[in-house]
Amino acid sequence: MLKLKIALVVVFAALTTACTTGPQVSSNAYSQGWRRAQVVAIEKDQLAVRSSKEDCRMALGAEAGQTRFAMASYSYGGNPNLRAKRIVAIPNDVDVEVGDWVEVSITDCRLALKK
């Protein structure tokens with residue numbers, strides 16, 4: 001009987017711990033639209049062929065000609081298997097490569113990615 005109670009406590013602790021793991025960004029940043037994303041393409045040549053959920057090059061208008069861009073893939077809906085892609089600006093002082101993990105704003109195209 002004691003072994004059964006110990007086993008139940010261990011299982012309950014494992015389940016509650018698994019449910020509390022959340023996004024990699026702070027909850028305040030998450031609620032403001034920032035998501036952890038992985039860079040899957042950089043610059044115009046690689047971005048021309050691929051599709052994305054939102055392309056911030058259009059939203060930035062005239063500023064887009066002088067900004068580098070990356071396509072970033074992020075999860076949504078609380079499920080890591082549900083992925084969306086977004087083309088975001090890369091700040092001039094940030095070096096980013098394909099495969100790097102960054103933070104992107106999914107609510108405001110004027111905000112560039114953060115490394």
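Residues numbered from 1 in each chain as written. Predicted model: local features only at pLDDT ≥ 70, side-chain atom pairs only at ≥ 80, totals over all residues. Heavy atoms only, no water.

A few words on the sheet that holds strand S5 (residues 101–105). Paired through their backbone hydrogen bonds, the strands of a sheet run either parallel or antiparallel. The 5 strands lie next to each other as S2-S4-S3-S1-S5, forming an open sheet whose pairing is mixed. With one partner strand each, in any of the chains shown, strand S2 (54–55) and S5 form the two edges of the open sheet. Note: strand S1 (residues 34–42) against S5, 5 bridges, orientation antiparallel. Paired with Arg35 across the bridge in S5 is Val104. (Pairing = 2+ DSSP bridges. Helix = DSSP H or I, 4+ residues; strand = E, 2+ residues; numbered from the N terminus.)

Moving on, we come to the packing of aromatic side chains. Overall, the coordinates contain 0 aromatic pairs when judged by the stated rule. The residue whose ring lies beneath Arg35 is Tyr30, and the NZ or CZ to ring-centre distance is 3.7 Å. Over the ring of Trp34 we find Lys114; its NZ or CZ atom is 4.0 Å from the centre of that ring. (Phe/Tyr/Trp six-rings, centres within 6.5 Å; stacked < 30°, edge-to-face > 60°. Lys NZ or Arg CZ within 6 Å of the ring centre and 35° of its normal.)

For the rest of this paragraph, the subject is the environment of Phe69. With respect to the helices and strands, the residue Phe69 is situated in strand S3 (residues 68–76). Judged by its relative accessible area of 3%, Phe69 falls in the buried class. With 22 residues separating them in the primary sequence, Phe69 and Pro91 have C-alpha atoms 8.7 Å apart. (Buried < 20%, exposed > 50% of the residue type's maximum accessible area, 1.4 Å probe, protein only.)

Turning our attention to the state of the cysteines. Working definition of a disulfide: a covalent bond connecting the sulfur atoms of two cysteines. Applying the stated criterion to the full structure yields 1 disulfide. What pairs with Cys56 in a disulfide is Cys109, and their sulfur atoms sit 2.1 Å apart. Here Cys56 and Cys109 share a disulfide; its torsion about the S-S bond, -70°, makes the bridge left-handed. Taken together, the positions of Cys56 in helix H4 (residues 56–60) and Cys109 in the segment after S5 put the pair 53 residues apart, joining distant regions of the chain. Each of the two residues, Cys56 as well as Cys109, counts as buried. (Disulfide = S-S within 2.5 Å.)

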